[in-house]
Amino acid sequence: MHSTKIGLNFVRGGVRLLNAKHAIHRVMCVGSASSASVTETLPDSAKKLVHIPRDVIDSFKAVLGSSNVSTSQAVRDHHGQSEAYYQHRAPDVVVWPETTDQVSQVAKVCYQHGLPMIPFGTGTGLEGGILATEPASVCVNLTKMDAIVNLNSDDFDVTVEPGVTRTALNSYMRDQGLWFPVDPGADASVCGMCATSASGTNAVRYGTMRENVLNLEVVLADGTIIHTAGKGKRSRKTSAGYNLTNLFVGSEGTLGFITKATVRLHGIPESIVSAVCSFDSIHSAVETVLQVMQCGIPIARIEFLDEVSMDAANRYSKMNYRVAPTLFLEFHGSEGLVKENVMAVGELVQGNGGSELQWAKDQQERNKLWKARHDLWYACLALRPGCKGLTTDVCVPVSKLPEIVVATKEYIMQKSLIGPMVGHVGDGNFHVVVVFDPKVPEEVEAAKEFSEKVGRHALSLDGTCTGEHGIGLGKKQLLIEEIGETGIQTMKQIKAALDPKNIMNPGKVLMASCSYIKPAKMVKYSM
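Residues numbered from 1 in each chain as written. Predicted model: local features only at pLDDT ≥ 70, side-chain atom pairs only at ≥ 80, totals over all residues. Heavy atoms only, no water.

Draft legend 1. Representation of the overall build of the protein chain in the model. Looking only at helices and strands, one finds 18 helices and 19 strands in the protein chain. For the protein chain, the residues scored as buried account for 56% of the 527 residues in total. Of the contacts made within the protein chain by residues no fewer than 6 positions apart, 73% connect residues no fewer than 24 positions apart. Of the roughly 21800 Å² that the protein chain leaves accessible, carbon and sulfur atoms contribute 52%. (Helix = DSSP H or I, 4+ residues; strand = E, 2+ residues; numbered from the N terminus. Buried < 20%, exposed > 50% of the residue type's maximum accessible area, 1.4 Å probe, protein only. Contact = heavy atoms within 4.5 Å. Areas by Shrake-Rupley, 256 points an atom, 1.4 Å probe, with all protein chains shown as cover.)

Draft legend 2. Local environment of the pairing of strand β14 (residues 301–305). Burial of β14 is extensive: 5 of the 5 residues sit out of reach of the surface. Bridging between β14 and strand β15 (residues 326–333) involves 5 bridges; their strand directions are antiparallel. In the strand pairing of β15, Arg-301 is matched with Glu-330. Pairing between β14 and strand β18 (residues 421–424): 2 bridges, direction antiparallel. Following the sheet pairing, Phe-304 is matched in β18 by Gly-423. (Pairing = 2+ DSSP bridges.)

Draft legend 3. Molecular detail of the packing of helix α15 (residues 401–414) against helix α16 (residues 441–460). With their axes 11 Å apart at the nearest point, α15 and α16 run at an angle of 160 degrees to one another. Accordingly, the angle class assigned to the pair α15 and α16 is roughly antiparallel. In the crossing of α15 with α16, the sense of the turn from one axis to the other is right-handed. Contacts between α15 and α16 pair Glu-403, Ile-404, Ala-407, Thr-408, Tyr-411 and Ile-412 from the former with Glu-449, Phe-450, Lys-453, Val-454, His-457 and Ala-458 from the latter. Residues that form the contact of α15 with α16 fall into these classes: 7 nonpolar, 2 polar and 3 charged. (Axes fitted to C-alpha atoms, helices over the stretch in contact; angles between N-to-C directions. Parallel < 35°, antiparallel > 145°, perpendicular 65-115°, else oblique. Left-handed = near helix turned anticlockwise from the far one by under 90°. Nonpolar A, V, L, I, M, F, W, Y, C, P; charged D, E, K, R; others polar.)

Draft legend 4. How the structure looks around the layout of surface pockets. By volume, the second largest pocket is sized at about 720 Å³. The wall of the second largest pocket is formed by 33 residues, among which Ser-197, Arg-210, Val-249, Gly-250 and Glu-252 lie closest to the centre. Looking at the lining of the second largest pocket residue by residue, the class counts come to 11 nonpolar, 14 polar and 8 charged. (1 Å grid on protein atoms, 1.4 Å probe; cavity = no way out; pocket = protein on both sides within 12 Å on 5 of 7 lines; lining within 4 Å. Points joined across faces, edges and corners; volume = space filled by probe spheres on them.)

Draft legend 5. Summary view of the nonpolar core. By size, the foremost hydrophobic cluster in this structure holds 53 residues, and its most contacted members are Phe-304, Leu-327, Leu-329, Ile-404, Val-405 and Phe-430. Of all the secondary structure elements, the ones that give two or more residues to this core are β13 (271–278), α10 (282–294), β14, β15, α12 (335–351), α15, β19 (429–436) and α16. Not counting chain neighbours up to four residues away, the residues in contact with Val-405 comprise Ile-282, Val-286, Phe-304, Met-421 and Phe-430. Counting 29 residues, the second-largest nonpolar core is a separate cluster that includes Leu-151, Ala-188, Val-190 and Leu-265. (Core = buried A, V, L, I, M, F, W, Y, C linked by side-chain atoms within 4.5 Å.)

Draft legend 6. A look at the sheet that holds strand β4 (residues 117–120). Pairing is mixed in the open sheet, where 4 strands are placed in the order β2-β3-β5-β4. A strand with exactly one partner marks an edge of an open sheet, and here the two such strands are β2 (69–70) and β4. For strand β3 (residues 93–95) and strand β5 (residues 138–141), the ladder comprises 3 bridges, and the chain directions are parallel. Each residue of the ladder has a partner; that of Val-95, found in β5, is Val-140.

Draft legend 7. A look at the sheet that holds strand β17 (residues 388–391). Spatially, the 7 strands line up as an open sheet ordered β16-β13-β15-β14-β18-β19-β17, and their pairing is antiparallel. Taken across any chain shown, the strands that pair with only one partner, and hence form the sheet edges, are β16 (358–360) and β17. Looking at each pair of strands side by side, their axes are set apart by 20 degrees on average, direction ignored. Note that β13 and β15 share 8 bridges and pair antiparallel. Following the sheet pairing, Ser-274 is matched in β15 by Glu-330. Contacts between α10 and the sheet are confined to β14 and β15, with β14 contributing the most and set at about 165 degrees to the helix. Lying over the sheet, helix α13 (residues 363–374) contacts β13, β14, β15, β16 and β18, oriented at roughly 55 degrees with respect to β13.

Have a look at this one:
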C-alpha cells in the first residue's frame, strides 16, 4: 500500500477519529467578558484561581476561535485531576488547538507572557504529569488533533497526531493486517506514550516506545517547530547527528509539545495463544520468569500477579482463578512455533511446582483475560472504596528480579500495607499499588516511605526507579540519586537551552534546586 494522506487536508470530510471528549468544553465556555479581567465573568469559586489577563485570553480566541478556549470552572477542574494521588491546582485556562500551527501560535503567546503550559492528552498518566503546579497555567488539550496522517503499510510505519489513541489506531489498521503492539493498559494517546516512554505488557517481545518511535514533530516552548529526524523522514535506522527523537521520548512534556509521531508497526501474528498458571510461592513464579528469559523463549507477554492482585482481579472482573501467585502468558508466531514455545514454558512451570496451564485460545477468552489485567489498577482501588493508590514502577536487571520481588513482599507484610503486586516481569519491571486513605496522614506517609524504599532498593540492584510511568511529580529525588550530579546538571542545561523561561510543564521531572544526594546502599529492607 502506497502512502496515503488521510489527515489534515481531509479532516472535514470525516476521516478524523471521533473523540467524545471534544464536546465537553463547548457547553462550559465563558461568553464575552465586559472588562479587563476574565475573573469578572467567573463564579466566586473560580476568581481566585484565574491569573491570566483578558488580552491573553483574547489572543487565544483569535488563534483558536472562542469555542476552543475555556475558563469554565468545571472544565478547569476536569483538567486539574488525574489518576495520580497528587493534589494540585486546576489550570487557569484550557485551549484546544486543531493544528500544529495553532499549537505554535499558542506557545508564542505563552512564551511572550511567561505563562506555564501543560500538554494534555488522555489524562491516564500515574505520576501527575498533567497537573498544574503554578498559577496562570495554560492547559493545552491536544485531543482535537486526532488525524492518522500517513499509513505506510508496505514499510510498517504510521504517522499520527496526539489525539490518536493506541486502540483507535489498531482498530483503524485491523483490515491491513497491522498493529501497534505497545500496550500500557490504559487507552493512552500514542504521542502521550512517546512523552512518557511508555511500554506495558508486550514490551518483552516488541520493545518500549523508545524502540518504536522513528520521528517526532515537536513544538518548542517559543513556538519553534522541529522534526527530530528531519521532516517526513521515517527510515528504520539512522546515524545522522544527535538522537533528538529519543531526547523527547520520555521528556514528559517538559521540553515541548509532541504534535506528530511516526512509529513502527508490526504484522498481526498468525497464531496467538494465552494461558494462566499459578504457583505456591512468589519466588517460584518469578524464578520461572527468569528461566524463561534465560532460555531465550520468544514469549510475547509474561505478567506476574501476586495473590492479593489475583483476589482483586477475580472480584472486579468476575473471574474465578486460584488466589495465588500467578503468571499470565501469551505466545505469538506461527502455529508450529507457538506450540513449541508453549511446551517449553510448560516444562519450566512444572519444574517450579506450578499448576497446569489454563488456556485462553479464542479471541473472546483472551480479551477477557487481558482486560482483567489492564483493569487491575481499578480492581486494586476497589479493595478500599474511596481511597487512593500510589504505584511503584521500578525495573531491575531480570536476574535481580526474584530478590527484589520477595523483599518487597516481605516489607508489605511487615508494615501491614494493602499493596497488590503486579508486573511486566519479563523485562524486570513490576508495580506495587499501595492503597491508602488520603485523609489519614499516617497512611499517606507510609505509602510515600514504601515507594521510596522500593525505588532505592531497585537503584542498589543497578535498576531504575521508573520503568515506564515516568518521573512526574513524585520521583524527582529518586532521579537525582539514580542519575547523579553531573547527569542532572546536563539535563538542566538541556532544559534551559530548549525552555529558557521554564514554562513547559514546570515542576515535573527536575527539581527547582537539585542538590545531589549520594544513593543509599540498600540491599534489603530493614527498619
